[in-house]
Structure formats: structure tokens, C-alpha cells
Amino acid sequence: MPRNQPWWRNAIIYQIYVRSFRDSNGDGTGDLAGICEKLDYLQWLGVDGLWLSPTMPSPNADWGYDVSDYYGVHPDYGALADMDRLVVEAAQRDIGIMLDLVPNHTSSAHPWFVDARSGRGSAHRDYYVWAGPKAAGGPPNNWICATGAPAWTLDAESDQYYLHNFLPAQPDLNWWDERVHEEFHEILRFWFDRGVAGFRIDVAHGLYKDSLLQDDPPAGPGDHPAIQRGKLRPVYSSHRPEVHDVYRRWRQIADTYEQGPALLGETWEFDYQRFGDYYGREEPELHMGFNFGFVEAGLTAPELADVVEKTLAALPAGAMPVWTGSNHDVGRFPTRWCGNDPRAVKAALAVLSTLPGTVVLYYGDELGMADVDVPPALRLDDMSAGKPYGRDACRTPMLWSAGTNAGFTTPSARPWLPLGGTATNVEDERADPGSVLNLWRALAALRQAGRIGRLDKLEQVLLDEQVWAYRVGEVTTVANLSDQAVTRPLTGHEHLSVLVSTAALAPSGAAVGAELSLGPWETVVLAAQP
Ligand code: GLC
Ligand code: CA
């Protein structure tokens, strides 16, 4: 009997950047057969599902987020038969496979866009967003794309601009055209029929654009920098209310499949009510959404407590929150949050896994793997060129062992991106009882036993500048999110004992007493003895 029903509730989902996980054929690029080789490891980690970064054919202008065929597998990663095998072999271990779906835009090499570009009267012209120059000349409005340049590129032949909220090689689809909906319904069914367990939906907040193409207004002090475009608030170029209709329809399709596929949106939304809206209010929409308020918060007691409280208050009843700290865009939390201090990494993992909901780890989080300072000449991400944070830093190969190329590929191969220092690696951490990896394993075991992570009311026990303690169900977590030792009264919790501690100071099984002393970053998970 599978542990969670449906599989994605209270789950552990693990994001794999396919190009960097495991290379099975020595060409320096990770692939699907490589993931199959590591399924036993993933099962040992306790994961319920994998989210694979884009696997579909793509010219790689944005490393797979520019799709040229929604029905295939990128030849670098294998063939459709390899995906089918991965789905089956993962299912044998109760692991679901989620694919990354990119519905906001296609590649400019997609046959739809090639046709659309061939002339104003072409069959697929309206699959994309076209508009003529302003009367005075220049782009139709003030919208800015992700690089900071105008979001419009002129097609000189037809004297119209096409919209691209990301790179010019990623033309935005026009969701006002019903045919685009039909195309994506077919794409969903194609993959659900093959047994995939869901989709992570790229730019989930962005699909619809204002039908009048009105200028985006200037951003104000309340607009989180992470969603501003230039200095604009992107309320016409994205974040349109019509997008909810897309997810109501997709949800109906997903819910007809026996494997219970999950729709997990990349929902960049810092207003918690509007974030909650993506789960659906009157009718169900996405099963889950990424909570960027949490991702972008600092690893401090006051900030996390505030975000968690607001999130839980804004979600519809029964909705499954998602807790995550890293991804292929924002970077790795061990670096971003923890300055690569393993004590802080352990505290963060303990918090992530004891909050009520589903947790998403990025490959390497379980090791405390750090961002890598990729030398400029080796950087491959055009989108982050010239930005303060280069995304290549968090996309480097997985560190499996201390040997040459860290067991990611053969020792003689040239990995597509350089590796980080191999002092952190799976093999050595497995052998070290005090490692980040073994702490993760202890937490995963508690989740699998149903003791932590279940959806339940969160009750705040204690909050100050350094310490955050909360109770979910039978379990109390006390997190010292500071590099100082602390002692706090824990009145009313004397009967509890330590299930897991991230340090050795509060030994497992020990009773708490009226006062709890924690070392720097020490986080403990407490419960009554069974
Ligand atoms: C999402 C992806 C990011 C990509 C962008 C455009 O934010 O996570 O990697 O560049 O969409 O598809
Ligand atoms: Ca390969």
C-alpha cells in the first residue's frame, strides 16, 4: 500500500537537473539512463517523486525551456523508450516521475512558430502574440523581458513584433486562442497516458497577457524585486486572472488518471491570497504551487515564522503547501541561506521536513552541496549573463564520489559544466554518521513513518530573534537559527524527548526538561516517547 494517497500529499519530491545528475554513456551530459542507475539511491533517500528539469527536444537557448517538440525526449537524454523505462522502473520503487512542462512559450524553432513567422495569414500565426509598431515607431508597449531588454522582437517581413517574456528564442504563446488550449490538453494526455505522475508547470502565472496589451505600470515599494520587470510591475504582461481557467481545465484532465498526477506550478506570487488562488477557491486548480515567499525569505526565525504563518492562512482548506529552498534558478540553499555551513544546512533540512506539507529538494541539497563559482568563460546560461547571480552556479554535476569527475561521468570525459570541489560527495557522506546526508535520512525516515510533515495545524510554541519552535500534530521542532548557543525555557514540554537532533548536544532519546540548551544552529525534533 503506497504511503501517501494521492502520492504527492506530504511527499518528498526531488528535483533532478537531468544534464547534471548522472551521465551513463561518457559524453559529459547527464541522461535518463543515468537516472535509472541511481533509482536505488533515490529510494534510499526516501523520495516519492522526481521532478525532471526539461527533457523535451530543444535547441537549448534556455537549456530546455525552449521546447521544439512537446512529444519527445531530447536526444542528449535518450529516447522515448528510455523515458518509458524510467517511469516503469521508478514506479517499481513507488517513485513518480514529474516532467517539466513549458506552456508560456515555445522555442522559435518549434514548427508552430516557424509556420507563424512565415506570414500574417499562416495557420499558426495566432498561436503567438503579434502586434504592429506604435504610431511613432518602436515596440507596441513598454513590456520588458527577463534579460531586461524589450519583450518584443520585430519580424521585418511582416512588420509586426512578436512577444517574448524571456529570450527572443522563446516566443510567448497566445492563450486567447482556443487551439493553444487544445494542443496542451493533448500534450497532457499524451504523457499521462505514458504513466507520468505529474508536471511542474513553468511560468505558471504568466500564460495569459492583457488582451489590450496595456503598458505595465511602474513598480512600487511593495513589489518584490524578484517579480519586477525592469522597474515595472508585470500586471499586464503576466499575472492575469484568466490563467485560472487554464488550470481548472487541466485539473479536470489530471484527475481522470489513476496514477493521480500532480500539477505543481511555478507560481511567482508574493501576495499570499493570490498565491492561494492558484490552488483554486471555488473549483480545484493546481494541486500545489511553489511558494516563492518562502524561497526568498532569509533563514531566520522571524522571517520564516512570518512567511509560514501567512502561507498557511491563505491556502484553501486541505491544500498542500510546498516547502523548498533551492532550484535551478534561485541557487542552492546551502550557499544562499547557510553560507555553506553544514550546521545551518542541517537546521534548514530539519525545518523544511517538519513543516506540514510537501517538501521539494534540489539534487545535492541532501549533501549540503554548494553553488560553484563557474569561471565566466565556461558559463552557458544566456538568461543570467551580466546579472548578479549566474544560474550556472547551481547547475553543475552531482558529486557522487571523490574521484575524477566525481562519478558523474567517466574520468576521461569533459563534463558540460565544471564540477565543484569533491570533498562533499555521496560516497563519503554515506559512510559518515554525522553527515548532512545521514541527517537527511533520519528525517526522511520520520516522514515515511508519518511522524513529521503531515498536513496539520501548526502551532507556534516560541519565537524570538534566534529560536523558532512550532508544534505540528504530536511533534515539536525547536530550531536555533543562529550561530550562537541558546538556552530557552520549554514549559509544558518536559515530557518530550528527542527524536532527532542536528547536532550531538541533545542526544536522541534524551528527555527535554524544563529548559532546552541548543548549540549553534542546532535543531531538534521532539515527541512524547511512544
Ligand atoms: C522558469 C524556469 C527558468 C526559465 C524560465 C523561462 O522560470 O525555471 O529556468 O529560464 O522559466 O522558461
Ligand atoms: Ca550522457
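Whatever comes next refers back to the structure up there.
Think of each chain on its own: its residues are numbered from 1, step by step along the sequence as written. Lettering for chains starts from A, numbering for ligands starts from 1, and both go in the order in which the items are written. Local features in this predicted model are restricted to residues whose pLDDT is 70 or higher, and side-chain atom pairs enter the listing and the counts only when it is 80 or higher, whereas totals over whole chains, interfaces and linings include all residues. Excluding hydrogens and water, the side-chain figures rest on all heavy atoms present in the structure.

Looking at this model, I keep getting lost on the coordination of the calcium ion (ligand 2). Mind explaining?
Each pair of donors in an ideal octahedron of six around a metal sits at 90 or 180 degrees, and each pair in an ideal tetrahedron of four sits at 109.5 degrees. Distances up to 2.8 Å from the metal define which N, O and S atoms are donors, and 3.2 Å serves for Na, K and Ca; water is absent from the atom set, so sites may look incomplete. The coordination sphere of the calcium ion (ligand 2), as far as protein atoms go, consists of D23 (OD), N25 (OD1), D27 (OD), T29 (O) and D31 (OD), spread over 2.2 to 2.4 Å. Counting along the primary sequence, the residues that act as donors to the calcium ion (ligand 2) give the motif D-x1-N-x1-D-x1-T-x1-D. We call a residue buried when its accessible area falls under 20% of the maximum for its residue type, exposed when it is over 50%, and partly exposed in between, using a 1.4 Å probe and counting protein chains only. Its relative accessible area of 41% is what places D27 among the partly exposed residues.

Looking at this model, I keep getting lost on the nonpolar core. Mind explaining?
One recurring pattern in soluble globular proteins: nonpolar side chains tend to sit buried together. The definition of a nonpolar core used throughout is a set of buried Ala, Val, Leu, Ile, Met, Phe, Trp, Tyr and Cys residues joined through side-chain atoms within 4.5 Å. Ranked by size, the top nonpolar core spans 145 residues in total, and within it Y14, L42, L50 and L52 carry the most contacts. At eight residues, the largest contribution of residues to this core is made by helix 11 (residues 342-354). Contact definition: two residues touch when any of their heavy atoms are within 4.5 Å. L42 has contacts with Y14, I16, F21, V47, L50 and I95, leaving out every residue within four places of it along the chain. Helix and strand definitions follow DSSP, with helices as H or I runs of at least four residues and strands as E runs of at least two, each counted in order from the N terminus.

Is there a simple way to think about the site of ligand 1 in this case?
One heavy atom within 4 Å of a molecule or strand is enough for the residue carrying it to be called near that molecule or strand. Around ligand 1 there are 14 residues in total, and D62, D202, E266, H328 and D329 lie nearest to it. A distance of 2.7 Å is found between an oxygen atom of ligand 1 and a side-chain nitrogen or oxygen belonging to E266. At 2.8 Å from an oxygen atom of ligand 1 is found a side-chain nitrogen or oxygen belonging to H328. Reported accessibility uses the Shrake-Rupley method at a 1.4 Å probe radius. Residues are deemed covered only where the shown protein chains occlude them. Its free accessible area being 310 Å², ligand 1 has 96% of it covered by the protein chains. Of the residues belonging to the shell around ligand 1, the class tally is four nonpolar, three polar and seven charged. Polar contact is the term for a pair of N or O atoms within 3.5 Å; when the atoms are in protein, one must be able to donate a hydrogen and the other to accept it, and sequence-neighboring residues count only if both atoms are side-chain atoms. Three categories are distinguished: nonpolar for Ala, Val, Leu, Ile, Met, Phe, Trp, Tyr, Cys and Pro, charged for Asp, Glu, Lys and Arg, and polar for the others, with Gly belonging to the last.

What should I look at first to understand the pairing of strand 8 (residues 262-265) in this one?
Remark: a regular strand shows side chains that alternate across the two faces of the sheet. Of the two faces of strand 8, the one lined by A262 and L264 and the one lined by L263 and G265 are each fully buried. The parallel pair strand 7 (residues 198-201) and strand 8, bridged by helix 6 (residues 243-254), forms a crossover whose chirality is right-handed. If you view a crossover with the strands going away from you and the path from the first strand over the helix to the second runs clockwise, you call it right-handed.

Looking at this model, I keep getting lost on the packing of helix 11 against helix 13 (residues 436-448). Mind explaining?
Angle between the axes and distance between the axes: these two values describe a pair of packed helices. Here, axes are lines fitted to C-alpha atoms. For helices the fit covers the stretch in contact, and angles between N-to-C directions go from 0 to 180 degrees. Closest axis-to-axis distance for the helix 11/helix 13 pair is 10 Å, and the angle between their directions is 10°. By the angle between their directions, the pair helix 11 and helix 13 is classed as roughly parallel. Here P342, V345, K346, L349, A350, L352 and S353 of helix 11 lie close against helix 13, whose contacting residues are V436, L439, W440, L443 and R447. For the contact of helix 11 with helix 13, a count of residues per class yields nine nonpolar, one polar and two charged. Should an angle fall under 35 degrees it is taken as roughly parallel, and over 145 as roughly antiparallel, whereas 65 to 115 is taken as roughly perpendicular and any remaining angle as oblique.

Quick question: what am I supposed to make of the sheet that holds strand 6 (residues 160-163) here?
Backbone-to-backbone hydrogen bonds pair the strands of a sheet. The strands run either parallel or antiparallel. Two strands are said to pair when DSSP picks up at least two bridges between them. Taken together, three strands build an open sheet; the order of strands is 4-6-5 and the sheet is antiparallel. Where the open sheet ends on each side, the last strands, each with one partner, are strand 4 (130-131) and strand 5 (152-155). Pairing geometry for strand 5 and strand 6, over four bridges, is antiparallel. Counterpart to L154 in the pairing with strand 6 is Y161.

Help me understand the sheet that holds strand 11 (residues 358-362) in this model?
Spatially, eight strands are ordered 9-8-7-3-2-1-11-10 in an open sheet, and the strand pairing comes out parallel. Pairing within the sheet leaves two strands with one partner each, and these edge strands are strand 9 (288-289) and strand 10 (322-324). Both strand 3 (residues 96-101) and strand 7 contribute to a ladder of four bridges, which runs parallel. Note that in strand 7 the partner of M98 across the bridge is G198. Where helix 3 (residues 80-91) meets the sheet, it contacts strand 2 (49-52) and strand 3, and its direction lies at approximately 140° from that of strand 3. Contacts from helix 6 reach strand 3, strand 7 and strand 8, with the element oriented near 150° to strand 8.

Explain the environment of L419 here, please?
Inspection of the secondary structure assignment puts L419 in the loop between strand 11 and helix 12 (426-431). Note: C-alpha distance between L419 and L399 (20 residues apart in sequence) is 7.8 Å. With residues up to four places along the chain from it excluded, the contact list for L419 reads V372, P397, L399, N405 and A406.

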